[in-house]
Protein chains: 2
Amino acid sequence: MAASPDRIRAVVDDYVRLVGTGTADEIVALYAEDATVEDPVGTDVRRGHAAIGEFYAPLESMEQETRLLSLRIAGGEAVFHFEIVTRADGAAFTLSPIDHMVFDDDGRVTAMRAFWGEGDLVVS
Amino acid sequence: MAASPDRIRAVVDDYVRLVGTGTADEIVALYAEDATVEDPVGTDVRRGHAAIGEFYAPLESMEQETRLLSLRIAGGEAVFHFEIVTRADGAAFTLSPIDHMVFDDDGRVTAMRAFWGEGDLVVS
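Residues numbered from 1 in each chain as written. Chains lettered and ligands numbered in written order. Predicted model: local features only at pLDDT ≥ 70, side-chain atom pairs only at ≥ 80, totals over all residues. Heavy atoms only, no water.

Draft legend 1. Structural view of the overall build of chain A. Summing up its helical and strand segments, chain A has three helices and eight strands in all. When the helices and strands of chain A are read in sequence order from the N terminus, they spell out α-α-β-β-α-β-β-β-β-β-β. In terms of overall dimensions, chain A is globule-like: its C-alpha atoms have a radius of gyration of 14 Å, near the 14 Å expected for 124 residues. Taking the principal axes of its C-alpha atoms as reference, chain A extends roughly 50 × 30 × 25 Å. Counting every position in chain A, which comprises 124 residues, the buried fraction comes to 52%. Put simply, 47% of the contacts in chain A that link residues at least 6 apart link residues at least 24 apart. Put simply, chain A shows about 6,000 Å² of open surface, and 50% of that area lies on carbon and sulfur atoms. (Helix = DSSP H or I, 4+ residues; strand = E, 2+ residues; numbered from the N terminus. Rg over C-alpha atoms; globule rule 2.2 N^0.38 Å. Buried < 20%, exposed > 50% of the residue type's maximum accessible area, 1.4 Å probe, protein only. Contact = heavy atoms within 4.5 Å. Areas by Shrake-Rupley, 256 points an atom, 1.4 Å probe, with all protein chains shown as cover.)

Draft legend 2. Molecular detail of the interface of chain A and chain B. Listed per partner, the contact involves 20 residues of chain A and 20 residues of chain B. Here chain A and chain B share an interface that buries about 1,600 Å² over both sides, 61% of which is from carbon and sulfur atoms. On the chain A side of the contact with chain B, A:Arg72, A:Ile98 and A:Phe115 bury the most area, a combined 38% of that side's loss. The interface formed by chain A and chain B contains four salt bridges. Taking the shortest distance from any N to any O, the salt bridge between B:Glu77 and A:Arg113 comes out at 2.8 Å. The interface formed by chain A and chain B contains four residue pairs in polar contact (both at pLDDT 80 or more). Mapped onto the side of chain A that touches chain B, the elements with two or more residues apiece are strand S3 (63-74), strand S4 (77-88), strand S6 (98-103) and strand S7 (109-115) of chain A. Partitioned by chemical class, the residues of the side of chain A that touches chain B number nine nonpolar, seven polar and four charged. (Buried area = accessible area lost by both parts, 1.4 Å probe. Salt bridge = Lys/Arg side-chain N within 4 Å of Asp/Glu carboxyl O. Polar contact = N/O pair within 3.5 Å; in protein donor to acceptor, adjacent residues only side chain to side chain. Nonpolar A, V, L, I, M, F, W, Y, C, P; charged D, E, K, R; others polar.)

Draft legend 3. Representation of the relation of the copies chain A and chain B within the structure. The two copies are related by a screw motion: chain A maps onto chain B through a turn of 180° and a shift of 0.0 Å along the axis, at an RMSD of 0.0 Å. Between the two chains, the operation in question is that of a two-fold axis. Of all interface residues in chain A, 100% are interface residues in chain B too; the two copies therefore contact each other through one and the same surface. (Least-squares fit on C-alpha atoms with pLDDT ≥ 70 in both.)

Draft legend 4. Highlighting the packing of aromatic side chains. All names here are of chain A. A full pass over the atoms with the stated rule returns twelve aromatic pairs over all chains. Taken together, a centroid distance of 4.9 Å and an interplanar angle of 75° make the contact between Phe 55 and Tyr 56 edge-to-face. For Phe 55, a relative accessible area of 23% puts it in the partly exposed group. Exposure remark for Tyr 56: the relative accessible area of 2% places this residue in the buried category. (Phe/Tyr/Trp six-rings, centres within 6.5 Å; stacked < 30°, edge-to-face > 60°.)

Draft legend 5. Fine view of the UniProt feature "domain: SnoaL-like" (unreviewed entry) in chain A. This chain's UniProt record puts "domain: SnoaL-like" (unreviewed entry) on residues 12-111 of chain A. The span residues 12-111 of chain A is 23% helix and 48% strand, and its two end C-alpha atoms sit 13 Å from each other. (UniProt positions renumbered as here; feature names shortened; annotations may be inferred.)

Draft legend 6. Region of the structure containing the environment of A:Asp25. Residue and element names in this part refer to chain A. The topology assignment puts Asp 25 in helix H2 (residues 24-28). By relative accessible area, which is 63% here, Asp 25 ends up exposed. Once the C-alpha coordinates of Asp 25 and Gly 53 are considered, the two residues, 28 residues apart in sequence, prove to be 6.6 Å apart.

Draft legend 7. Representation of the pattern of salt bridges. For the structure on display, the rule yields 16 salt bridges over all chains. Among the ionic pairs, A:Arg87 bridges to A:Glu65, the shortest N-O distance being 3.3 Å. Taken together, the residues A:Arg87 in strand S4 and A:Glu65 in strand S3 connect sequence positions 22 residues apart. The network of salt bridges with shared partners includes A:Glu38, A:Arg113 and B:Glu77.

Draft legend 8. Just the pairing of S7(A), in detail. Residues and elements named next belong to chain A. The element S7 is largely enclosed, with a buried count of five among its seven residues. Relative to S7, strand S1 (residues 31-38) is paired through four bridges, and the arrangement is parallel. Bridge assignment links Thr 36 to a residue of S7, and that residue is Ala 111. (Pairing = 2+ DSSP bridges.)

Draft legend 9. Summary view of unusual backbone geometry. All names here are of chain A. Across the junction of Asp 39 and Pro 40, the peptide omega takes the value -5°, indicating a cis bond. Structurally, Pro 40 can be placed in the loop between S1 and strand S2 (46-47). One non-glycine residue, Asp 89, lies in the positive phi region at around 55°. By relative accessible area, which is 84% here, Asp 89 ends up exposed.

Next comes the structure, spelled out in structure tokens:
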């Protein structure tokens, strides 16, 4: 049976929170073993926990705040718009991608694709 | 060559506007001949202009306003959050799906998937 909307909502909440304040290992634990990550869409697809962990590792040393802006769930999949504010060198870099996630029956993410472009980065 | 972000943005703007005030034929013209539509995600996929036209035909007789809330473009694809307000029997029914569209090189939509659930419909 497909993961319930409540379960999917909880995983998305965890994901957004962990991108802000978690470790790469905590984020990777949300993914299925052979999951794929394409971030941003159009770049190379990373597959599996090791490759996905490498992708998230740089986040650990950054000062970031995240918040979920909107979320839609349908058919065991989710799309959500969220905001990541990174503070560095006295500036704030705000990116608000829309991510697409597919889930397995246990609510683990099997595929994530992040939609954003360079033009979406706001520096303030 | 993939459709440019500017071209994709124009098609999304047209789509949102036409869902509000256009005809089914005008909407269908944004789609490639063998395009697919899955709305909402998890329901049967409609394929081709005839099936897609049937899907949009009921919109023509409805009083609707639409507006684009957010849009992200990457790798020849787009996801966008938009709002549809339908007025009927003195009430306003507001739905704000997040749609995913894939485009061919000419900027025609080859696949659309709309993410929303019954719980996302707001009646006021």
